[in-house]
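Here are the chains, one letter per residue:
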Amino acid sequence: MDLFEYAHQNRIKQEAPLASRMRPETLEEFRGQKHILSEGSHLYRSIKADRLSSVIFYGPSGTGKTTLARVIANATAADFRQINATIAGKKDMVEIVEQAKLTRAGYGRKTILFIDEIHRFNKAQQDYLLPFVEDGTVTLIGATTENPYFEVNGALISRSTIYELRPLEREDIREIILKAVQDKEKGMGSYHAVMDEDAADFLADYSGGDARIALNAVELAVLTTPPGVDGIRITTAVIEECVQKKNLRYDKNGDNHYDTISAFIKSMRGSDPDAAVYYLAKMLYAGEDVNFIARRIMICAAEDVGCADPRALQVAVAAQQAVHVLGMPEARIPLAEAVVYVAGAPKSNSAVMAIDRAMQIVETTDIRDVPSHLKDAHYKGAKNLDHGTNYQYAHAFPEHYVKQQYLPDELVGTVIYEPGTLGYEKNMKDRLERLRNRE
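Keep in mind that this is a model prediction, so the values were computed, not measured.

(A) Highlighting helix α18 (residues 332-344). With 13 residues, α18 should cover 18 Å at 1.5 Å per step; its first-to-last C-alpha distance of 18 Å lies within 8% of that length. Buried within α18 are the following residues: P334, L335, A338, V339, V342 and A343. Looking straight down α18, one finds its buried side chains confined to an arc of 160°; they lie on one side. Of the exposed residues in α18, the ones pointing more than 90 degrees away from its buried face are E337 and G344.

(B) Highlighting the sheet that holds strand β4 (residues 138-144). Taken together, five strands build an open sheet; the order of strands is β2-β3-β4-β1-β5 and the sheet is parallel. For this open sheet the edge positions go to β2 (79-84) and β5 (161-164), each flanked by a neighbour on one side alone. On average, each strand axis in the sheet is inclined to that of its neighbour by 15°, with strand direction left out of account. In terms of strand pairing, strand β1 (residues 55-58) meets β5 through four bridges, oriented parallel. By the bridge assignment, Y58 is partnered in β5 with E164. Against the sheet, helix α6 (residues 90-107) contacts β2, β3 (111-116) and β4, and its axis sits at roughly 175° relative to β2.

(C) Seen up close, a nonpolar patch on the surface. On the surface, Y391, Y393 and Y406 cluster together into a nonpolar patch covering about 350 Å² of accessible area. Here Y393 is to be found in the loop between α19 (350-364) and α20 (423-436).

(D) Spotlight on the pattern of salt bridges. Enumeration according to the criterion identifies 20 salt bridges in this entry. Taking the shortest distance from any N to any O, the salt bridge between D430 and K426 comes out at 3.3 Å. Residue D430 and its partner K426 are located together in helix α20, separated by four residues, close to a single helical turn. Take D430: its relative accessible area is 37%, and that puts it in the partly exposed class. Residue K429 is joined to E433 by a salt bridge in which the shortest nitrogen-to-oxygen separation is 3.0 Å. With K429 and E433 both in helix α20, this residue pair falls four residues apart, about one helical turn. The structure contains a network of salt bridges with shared partners spanning R170, E171, R174, E197, D201 and D205.

(E) Focus on empty space enclosed by the protein. Scanning all chains against the criterion turns up one cavity of 30 Å³ or more. In this model, the largest cavity occupies a volume close to 30 Å³. Contributing to the lining of the largest cavity are S46, I47, D50, R51, L52, I72, A75 and T76. Where the lining of the largest cavity is concerned, the elements lending two or more residues are α4 (42-48) and α5 (65-75). Considering only residue class, the lining of the largest cavity consists of four nonpolar, two polar and two charged.

Reading the values: rules and limits
- Note on numbering: residues in each chain are counted from 1, in written sequence order.
- Whole-chain, interface and lining totals are the exception, using all residues; otherwise, since this is a predicted model, local features are given only for residues with pLDDT of at least 70 and side-chain atom pairs are given and counted only at 80 or more.
- Neither water nor hydrogens contribute to the side-chain values; these are computed over all heavy atoms in the structure.
- Here a helix means four or more residues in a row that DSSP labels H or I, a strand means two or more in a row labelled E, and each is numbered from the N terminus.
- To estimate the expected span of a helix, count its residues, drop one, and scale the result by 1.5 Å.
- The buried label goes to any residue with under 20% of its type's maximum accessible area, the exposed label to any with over 50%, and the partly exposed label to all in between, with areas taken from a 1.4 Å probe on protein chains only.
- The directions considered for the arc run from the helix axis to the C-beta atoms.
- Paired strands, as defined in this entry, are two strands with at least two bridges between them according to DSSP.
- Here, axes are lines fitted to C-alpha atoms. For helices the fit covers the stretch in contact, and angles between N-to-C directions go from 0 to 180 degrees.
- Throughout, a contact is declared for two residues whenever any of their heavy atoms are within 4.5 Å.
- Residues form patches when they are more than 30% accessible in relative terms and have no salt bridge. Like charges link within 9 Å. Nonpolar side chains (Val, Leu, Ile, Met, Phe, Trp, Tyr) link within 5 Å.
- Method for areas: the Shrake-Rupley scheme with a 1.4 Å probe, in which residue coverage is limited to the protein chains shown.
- Counted as salt bridges are all cases of a side-chain nitrogen of Lys or Arg within 4 Å of a carboxyl oxygen of Asp or Glu.
- Definitions used for this entry: grid spacing 1 Å over protein atoms alone; cavity, a set of points where a 1.4 Å probe fits but cannot get out; pocket, an open set with protein on both sides within 12 Å along at least 5 of 7 lines; lining residue, one with an atom within 4 Å of a point.
- Grid points are joined across faces, edges and corners, and a volume is the space filled by probe spheres set on the points.
- In this classification, the charged set is Asp, Glu, Lys and Arg, the nonpolar set is Ala, Val, Leu, Ile, Met, Phe, Trp, Tyr, Cys and Pro, and all remaining amino acids, among them Gly, are polar.

That's the geometry; what it means functionally is another story.
Structural data, given as structure tokens:
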């Protein structure tokens, strides 16, 4: 590289977006992904020892897939080559593979090939890499936002370790934001801007675990905010303007969180789908954990709808599974469907009352034994102890019912479950009353 090329590259680096300039260069600078990059983890040790085998990094945008690949590039003695599958083709891979063969033969040095957006390659392009990954000509690092088990060749998958990168934690994003504001070498520190604590909190929440979104907002805020008497001050209002989203009064660890979730559950319990969906939207807008919301819907379906409509719990569980697969923003749809269904369903807490009543009995009443005729009769010697003797098999009787003692002796005549009178449970109530009154 001559002097002019060096100056050109240096200028490009200085003029790059903040998100690019702030990329960590070492494992120590990398933030987030502690589940795969904690000190002593297999991936951490492999990178440190420069003994990395083929891997595929899978996760949402802004979680550090490309950044981690560049950290590896800085840590390895191998030749590091990078291509993007959206613009590269087989010709590019052929050139890299041929050069890798020469490097390996002439210098005994391996080549790491990083393919960003690897899922964009078609099957034939992915197949081309197989023999060279298998014989070690190249060590593959793939990065994808799509599930590799669906989008990447199964043979490549079998030759690689899959690492799932998760959205960054709120505190990790917050640390990245404040470092970007203060860093004079790579960040915005030369502007001497100051960011308010609540503005950093809001931006950390708004970014949804995507560091790139947070850094883009920081750069825009610093560059477009005129300095005041005390210099550039980044307030929540400034961040709201930059991201075009208002800051809700919603602290995930404070009263707003608990008040909103309380109103959300009470609205579903009270059969008001309008209010329930409103509180759902408020929580989603504020960046509440969608899995937390899904769990609350499941609890409400079981606790407040119960046997009046057993399908409510099925809908709630299906929504939770859909949320796990889809993520936001699509997750809002199955969540809304579950909320509307649970809110509109007939209500009964009789199952809750029954289990609480039974738990109280277990805790306070001394029950000596299970009735002998209900005990297990399948083991050798059971008959000698009269275990299972005189048990009447319900399916052998009309309506698959026979009147016999099921409760322990101390509880005979005790009513624990009292069915409600709404929805499907009304049918259960009618049937149970008829059976209980049968002679």
